[in-house]
Amino acid sequence: QRCQVATVPPADPAAPRGERYLGHGDKAKDVPVYEAELGTKRQDSNHLHQFILHAALDNVDEAMWGTQSMFLKAVDRYYELYVSAWVTAGHTKFLLLHEPRSEDGIKAFFQEVHELYLRIVLNPFQTQTSRIKNPAFDLRVRAAARRYLQ
């Protein structure tokens, strides 16, 4: 199973140029603050996964204005891989690249990751655009992935 999650906060115009994703239009300002390979198999297509997730940001931006739900379900597809999204009230985007699976498990995973993310962001020493390097956060995200995505 191949899964990858990326958290993209709202663009910060003060972020240094080197930390920005190079992409299409305004998406160049989206900075991933956390990424993890969550699958049991080690894949060598990490750059392809990043490209797929980055390309799906346009679809996420379109879909988030058409619903009041935070969970946007599958917003993009690349062959047998799907991109599901969760958008917070502050427009932080959680993206999950995965093979076909239950939407209920994906939604529960996103809910737990959202709660974990809020705990990190409420830390006064963490800015919204700085990378999350907390090992406890990483362990809890991986535990949630094992619990809900397998």
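Our structure is the block above this text.
Residues numbered from 1 in each chain as written. Predicted model: local features only at pLDDT ≥ 70, side-chain atom pairs only at ≥ 80, totals over all residues. Heavy atoms only, no water.

K.L.:
Explanation requested: helix α3 (residues 135-149) in the structure shown.
P.N.:
Helical periodicity: at 3.6 residues per turn, an α-helix aligns residues three or four positions apart in one direction. Taking 1.5 Å per residue, 15 residues should reach 21 Å; α3 reaches 20 Å between its end C-alpha atoms and fits that length. All of the buried residues along α3 are F137, V141, A144, A145 and L149. End-on, the buried residues of α3 take up no more than an arc of 105°, which puts them together on one face. Exposed side chains of α3 directed beyond 90 degrees from the buried face belong to P135, L139 and R146. Where α3 begins, the capping side chain belongs to N134, and its oxygen is found 2.8 Å from the backbone nitrogen of A136. (Helix = DSSP H or I, 4+ residues; strand = E, 2+ residues; numbered from the N terminus. Expected span 1.5 Å × (residues − 1). Buried < 20%, exposed > 50% of the residue type's maximum accessible area, 1.4 Å probe, protein only. Arc of directions from axis to C-beta. Polar contact = N/O pair within 3.5 Å; in protein donor to acceptor, adjacent residues only side chain to side chain.)

K.L.:
How should I be thinking about the packing of aromatic side chains in this particular structure?
P.N.:
Aromatic rings considered in pairs are described by the distance between their centres and by the relative angle of their planes. In this structure the tally under the stated criterion is seven aromatic pairs. Their ring planes at 85° and their centres at 4.9 Å tell us that Y34 and F137 sit as a pair that is edge-to-face. With Y34 in strand β2 (residues 34-37) and F137 in helix α3, this pair connects stretches of sequence that are 103 residues apart. A single burial state applies to Y34 and to F137, both of which are buried. Arranged with centres 4.8 Å apart and planes meeting at 80°, the rings of Y78 and Y79 form a pair that is edge-to-face. On the accessibility criterion, Y78 (34% relative accessible area) is partly exposed. A network of ring pairs unites the aromatic residues F71, W86, F109 and F110 as a single cluster. (Phe/Tyr/Trp six-rings, centres within 6.5 Å; stacked < 30°, edge-to-face > 60°.)

K.L.:
Would you explain the environment of W65 in this entry?
P.N.:
Structurally, W65 is set in the loop between α1 (46-64) and β3 (71-78). For W65, a relative accessible area of 64% corresponds to the exposed category. Here the side chain of W65 touches D61 through a polar contact of 3.4 Å, landing on its backbone oxygen.

K.L.:
What exactly am I supposed to notice about the pairing of strand β4 (residues 81-87) here?
P.N.:
Counting buried positions along β4 gives six out of seven residues, so the element sits mostly inside the fold. Across six bridges, β3 lies against β4 in antiparallel orientation. From the neighbouring strand, Y78 faces β4, where its bridge partner is L81. Counting the residues that bridge the hairpin from β3 to β4 gives two residues, and of these Y79 lies at a positive phi of roughly 50°. Inspection of the sheet shows β4 paired to strand β5 (residues 93-98) by six bridges, in the antiparallel sense. From the neighbouring strand, V83 faces β5, where its bridge partner is L97. Count of turn residues in the β4/β5 antiparallel hairpin: five residues, of which H91 carries a positive phi of about 70°. (Pairing = 2+ DSSP bridges.)

K.L.:
Just to check I follow, could you spell out unusual backbone geometry for this structure?
P.N.:
Excluding glycine, residues mostly carry a negative phi; peptide bonds, for their part, are mostly trans. Phi is positive for K73, close to 60°, though the residue is something other than glycine. Within the element layout of this structure, K73 appears in strand β3. On the basis of relative accessibility, which here comes to 41%, the residue K73 falls in the partly exposed class. Even without being a glycine, Y79 presents a positive backbone phi close to 50°.

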